[in-house]
Amino acid sequence: MMVQQELAYFAANDIEASSGARWASGDECYSTGWALGRLVFVTASEIDSAYVAGDLLPTDILVTDGVPAEVPFVAGLITFTPTTPNSHVVILARSYGIPFLYVADEADRLKVMAHVTSGAERLMRCVRDSLDIDRATITDVSSVDTAFLDELRALKEAPELEIEPIAPLGSIVWP
């Protein structure tokens, strides 16, 4: 991201710079899965402040123009800037079990932004099929029964932890 901000400097000093876009051949699902929430656009530099202000919630699908080093916990992530499959944010998305999609095509980006401006809840799905082809969909769920949507939300709830407390042995060495 810093390189992109300094392109003019690099060009003035005859330094050729590129981005991850040169390796991207189309949309890419960095982390597969599904998410239910409203799509919220926040520029990469404003993600933390939007999260702190409550403009971006853990139940939202974040749409952003870049990939910062860290992102807060959100329901899903869509970016308009490619990253590497081993970036920190990709690893976080996989460990959180949230979908992370790079949208390459400008027409598709406009469709994503139309979902953002609606402010309504959407279902995002990001899958890799048996031919290793990434497929992503964003579906309007405004006509879906509320009870069914509640059932979907319940699937994403973390289960209660069952941890037995450690009991003191009562001696310094194992008998």
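Remember, it's a predicted structure, so these values are computed and weren't measured experimentally.

(A) A look at the environment of leucine 77. Within the secondary structure layout, leucine 77 lies in strand β4 (residues 76-79). Taking C-alpha positions, leucine 77 is 6.0 Å from valine 63, a pair spaced 14 residues apart along the chain.

(B) Just the nonpolar core, in detail. With 17 residues, the main nonpolar core has Leu56, Leu62 and Phe100 as its most contacted residues. Every element with two or more residues in this core is listed here: α3 (47-53), α4 (88-96) and β5 (100-102). Considering each element in turn, this core owes the most residues, 3 residues, to α4. Those residues in contact with leucine 56 that sit more than four places away from it in its chain are Val40, Ile47, Ala50, Tyr51, Leu62, Pro72 and Val74. By size, the runner-up hydrophobic cluster in this structure holds 14 residues, among which are Ala35, Leu39, Ile61 and Val116.

(C) Molecular detail of α4. When we look at burial in α4, the residues that qualify are Val89, Val90, Leu92 and Ala93. Buried residues in α4, looked at end-on, bunch into an arc of 160°, giving them a common side. Among the structural elements, β1 (28-31), β4 and β5 are those in contact with the buried residues of α4. Phi turns positive one or two residues past the end of α4, at glycine 97, with a value near 75°.

(D) Highlighting the state of the cysteines. Scanning the model with the defined rule gives 1 disulfide in all. Residue pairing for cysteine 29: its cysteine sulfur links by disulfide to cysteine 126, the two sulfurs lying 2.1 Å apart. Classification of the bridge connecting cysteine 29 and cysteine 126 rests on its S-S torsion, roughly -125°, and on that basis the disulfide is left-handed. One end of the pair, cysteine 29, is in strand β1; the other, cysteine 126, is in strand β6 (residues 121-128), with 97 residues separating them in the sequence. The same class applies to cysteine 29 and to cysteine 126, which are both buried.

(E) Broad picture of the side chain of aspartate 60. For aspartate 60, the location among the structural elements is in the loop between α3 and β3 (61-64). In terms of polar contacts, aspartate 60 uses its side chain to reach the backbone amide nitrogen of leucine 57, at 2.8 Å. Residue contacts for aspartate 60: discarding those within four places in its chain leaves Arg38, Val40, Asp55, Val74, Ala75 and Gly76.

(F) Helix α5 (residues 106-118), seen in detail. An ideal rise of 1.5 Å per residue puts 18 Å on 13 residues; α5 measures up with 19 Å between its terminal C-alpha atoms. Along α5, the positions that sit buried rather than exposed are Arg109, Val112, His115 and Val116. End-on view of α5: buried residues confined to an arc of 110°, all on one side of the axis. Turned more than 90 degrees off the buried face of α5, the exposed positions are Leu110, Lys111 and Thr117. Regarding α5, its N-cap is aspartate 105, as a side-chain oxygen of that residue lies 3.2 Å from the backbone nitrogen of alanine 107 further along. Just beyond α5, the residue with positive phi is glycine 119, at close to 75°.

Rules used throughout
- Residues numbered from 1 in each chain as written.
- Predicted model: local features only at pLDDT ≥ 70, side-chain atom pairs only at ≥ 80, totals over all residues.
- Heavy atoms only, no water.
- Helix = DSSP H or I, 4+ residues; strand = E, 2+ residues; numbered from the N terminus.
- Core = buried A, V, L, I, M, F, W, Y, C linked by side-chain atoms within 4.5 Å.
- Buried < 20%, exposed > 50% of the residue type's maximum accessible area, 1.4 Å probe, protein only.
- Contact = heavy atoms within 4.5 Å.
- Arc of directions from axis to C-beta.
- Disulfide = S-S within 2.5 Å.
- Polar contact = N/O pair within 3.5 Å; in protein donor to acceptor, adjacent residues only side chain to side chain.
- Expected span 1.5 Å × (residues − 1).

Scope: geometric values only; no functional claims are made or implied.
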